[in-house]
Amino acid sequence: MSDFEWDPETYLALMAEEIPDYPRLQTEVAATAATGAPTSILDLGIGSGLTAQRVLEALPEAKLLGVDASSEMLAAAEATLDPERTRLQSGRLEEPLPVGPFDLVMSMLAVHHLDGPGKADLFARIASVLETGGRFVLGDLVVPADPADVVTPIDWIDDTPSSLDEQLTWLADAGLTTRVHWQHRDLALVVAQKD
């Protein structure tokens, strides 16, 4: 990944402009993450914290640890989220994950920055920090089967999405039971459970 820094002030407008289904993806991720009332949550690539905020609003007993590589985004998340229920730390997806166990690991629009082997490695590490019965909720860009379904501009440098089938295989290889909760064009939401 490059050292490109997102601007929290323009992030939502940029996402809405570049990813036509961003609002729907965010709604689906937040609703799916809140299912089952998890109390310990790890958010990988927390960004500005807006999705995490929606999850925490639905889960009054939950506490969340958010990780992001961008200091600007972490500052925005800190300003957005309840400090009594949230811890934030700097970190990259390629680095060791915080020590679990967690009931829920969630990630929205961050994992597509990893190449295939990087995704497979991350999924194995996520499985290792999940409680038995815990879930990984992944909302992200995918390479769709039909090239006409590509609607999000990507550069193939910082953005390296993989097909949904590849990601389902890597999640299964990590010992997780998967289901596709929602898919539209080049976006997908996958729920992977540790049995």
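Quick note: structure is the one above.
Residues numbered from 1 in each chain as written. Predicted model: local features only at pLDDT ≥ 70, side-chain atom pairs only at ≥ 80, totals over all residues. Heavy atoms only, no water.

**Some details on unusual backbone geometry**
A cis geometry characterises the amide bond from G100 onward to P101, with omega recorded as 5 degrees. If you trace the backbone, P101 turns up in the loop between β3 (86-90) and β4 (102-108). Of note, the phi angle at L109 is positive, near 55 degrees, even though the residue is not glycine. On the secondary structure map, L109 appears in the loop between β4 and α5 (116-129). (Helix = DSSP H or I, 4+ residues; strand = E, 2+ residues; numbered from the N terminus.)

**Comments concerning the environment of T132**
Relative to the helices and strands, T132 resides in strand β5 (residues 130-141). With 29 residues separating them in the primary sequence, T132 and D103 have C-alpha atoms 8.1 Å apart. Ignoring anything within four residues of it in the chain, the contact list for T132 reads K194 and D195. (Contact = heavy atoms within 4.5 Å.)

**What about the environment of D173?**
Summarising the element assignment, D173 is placed in helix α6 (residues 164-173). Spatially, the C-alpha atoms of D173 and P38 are 24 Å apart, while their sequence positions differ by 135 residues.

**Comments concerning the side chain of D43**
In this fold, D43 is placed in strand β1 (residues 40-44). No salt bridge is formed by the buried D43. Its closest oppositely charged neighbour is R54, at 11 Å. (Buried < 20%, exposed > 50% of the residue type's maximum accessible area, 1.4 Å probe, protein only. Lys, Arg positive; Asp, Glu negative; His and termini not counted. Salt bridge = Lys/Arg side-chain N within 4 Å of Asp/Glu carboxyl O.)

**Considering empty space enclosed by the protein**
Per the stated rule, a full pass over the model turns up one cavity of 30 Å³ or more. Reported here for the largest cavity is a volume of approximately 30 Å³. Together, L138, D140, V142, L164, Q167, A188 and V190 line the largest cavity. Of all the elements in the fold, those that place two or more residues in the lining of the largest cavity are β5, α6 and β7 (187-194). Here the residues of the lining of the largest cavity are counted per class, giving five nonpolar, one polar and one charged. (1 Å grid on protein atoms, 1.4 Å probe; cavity = no way out; pocket = protein on both sides within 12 Å on 5 of 7 lines; lining within 4 Å. Points joined across faces, edges and corners; volume = space filled by probe spheres on them. Nonpolar A, V, L, I, M, F, W, Y, C, P; charged D, E, K, R; others polar.)

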